[in-house]
Amino acid sequence: LDGVLADFVGGYCKLAAALGRPVPPTRPERYDDYLDDAVWAAIKSSGQFWAGLEPLVARPVADRIRALAAPADVYFATSRVGERAAAQSAFWVESRLGIARPHVVVTFRKAELAAAVGATWMIDDSAPHVIAVAQSCPGTTPVVLDYQHNRFDANVLGAARVVRVESVAEFLDLAGAP
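Residues numbered from 1 in each chain as written. Predicted model: local features only at pLDDT ≥ 70, side-chain atom pairs only at ≥ 80, totals over all residues. Heavy atoms only, no water.

Student: Provide a residue-level description of the overall build of the protein chain, including the pertinent values.
Tutor: Within the protein chain one finds seven helices and five strands. In the protein chain, the succession of α and β elements from N to C terminus is α-α-α-β-α-β-α-β-α-β-β-α. For the protein chain, whose C-alpha radius of gyration is 16 Å, the value lies close to the compact-globule estimate of 16 Å for 178 residues. Principal-axis analysis of the C-alpha atoms places the extent of the protein chain at approximately 45 × 40 × 25 Å. Across the 178 residues that make up the protein chain, the buried fraction comes to 46%. The contacts of the protein chain with a sequence gap of at least 6 include a subset with a gap of at least 24, amounting to 55%. Here the protein chain displays about 9,100 Å² of accessible surface, and carbon together with sulfur accounts for 54% of that area. (Helix = DSSP H or I, 4+ residues; strand = E, 2+ residues; numbered from the N terminus. Rg over C-alpha atoms; globule rule 2.2 N^0.38 Å. Buried < 20%, exposed > 50% of the residue type's maximum accessible area, 1.4 Å probe, protein only. Contact = heavy atoms within 4.5 Å. Areas by Shrake-Rupley, 256 points an atom, 1.4 Å probe, with all protein chains shown as cover.)

Okay, here's the thing in structure tokens:
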């Protein structure tokens, strides 16, 4: 969800500012800038941080995702942590994308989830997640949303299978979504 559909960086920066903590750049070159213990403690104890993030996709793209999810099982995998992270994430998908009772899975093991559900496509903003899918899920096309922080060496085993896109709309086009 975060970095693809939901604006984690914007939410983190607002919370850091509200707590009087250092505010990292809004276009990170690396996510190490987002490791302030006080901010993460607030995120983990909040019952609303994840549910309140702004969307990164415009309404037409959200409508396409909703249309894709109508006849098919679409899974929203997230590495979110904290109080009610799964429930907050489901609320976010319902309220921002209009998908009733979405399949939200909180996991750091996205390649294992892709294999378990037989995913044919997967998009993430995390290089390690998409490379893991490329290495272990031959039936899944791994796609990474292009950001400075997720550039990687294409010579890494399996990385050549990873498709890089500029937008979620481009991903939906590749996947043949309505």
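Here the narrative resumes, following the displayed structure.
Student: With reference to specific residues and values, describe helix α1 (residues 8–18).
Tutor: Because each turn of an α-helix spans 3.6 residues, side chains separated by three or four positions in sequence point in the same direction. Most of α1 is tucked away: eight of the 11 residues are buried. Of all the residues in α1, the buried ones are F8, V9, G10, G11, Y12, C13, L15 and A16. G20 occupies a position one or two residues after α1 and carries a positive phi of about 75 degrees.

Student: Please set out the nonpolar core residue by residue, giving values where relevant.
Tutor: Membership of the largest hydrophobic core comes to 39 residues, with the highest contact counts inside it found for L5, F8, I65, F76, L97 and V168. Elements with a contribution of two residues or more to this core: α1, α2 (37–45), α3 (59–69), α4 (85–97), β4 (141–145) and α7 (168–174). Considering each element in turn, this core owes the most residues, six residues, to α1. Not counting residues within four places of it along the chain, the set of residues in contact with L97 comprises L5, V57, R59, A62, I65, R66, F76 and W92. Among the nonpolar cores identified, the runner-up in size contains 10 residues, and A114, V130, V133 and V144 belong to it. (Core = buried A, V, L, I, M, F, W, Y, C linked by side-chain atoms within 4.5 Å.)

Student: A description of the side chain of Q88 should follow, citing residues and the corresponding values.
Tutor: Mapped onto the elements, Q88 comes out in helix α4. With a relative accessible area of 2%, Q88 lands in the buried category. Ignoring any residue separated from it by four or fewer positions in sequence, one finds Q88 in contact with S46, G47, Q48, F49, W50, A51 and E83.

Student: Go over the pairing of strand β2 (residues 103–106) with me, naming the residues and quoting the values.
Tutor: Relative to β2, strand β1 (residues 75–78) runs parallel, the two sharing four bridges. Opposite A77, over in β2, you have V105 as the bridge partner. In this region the chain leaves β1, passes through α4 and returns to the parallel neighbour β2; the handedness of that crossover is right-handed. (Pairing = 2+ DSSP bridges. Right-handed = clockwise from strand over helix to strand, strands pointing away.)

Student: How would you summarise the pattern of salt bridges if you had to cite specific residues and measurements?
Tutor: Taken as a whole and assessed by the stated rule, the structure comprises nine salt bridges. Linking R59 and D63 is a salt bridge whose minimum nitrogen-to-oxygen distance equals 3.5 Å. One end of the pair is R59 and the other is D63, both in helix α3 and four residues apart, which spans about a single turn. For R59, a relative accessible area of 45% gives the class partly exposed. Note on D63: relative accessible area 28%, which makes it partly exposed. The salt bridge partner of K110 is D124, with a shortest N-O separation of 2.7 Å. Of this pair, K110 sits in helix α5 (residues 110–117) while D124 sits in strand β3 (residues 121–124), placing them 14 residues apart in sequence. Comparing K110 with D124, the two get one shared label, buried. Because the salt bridges share partners, they merge into one network encompassing R59, D63 and R66. (Salt bridge = Lys/Arg side-chain N within 4 Å of Asp/Glu carboxyl O.)

Treat this as a map of the structure, not an account of what it does.
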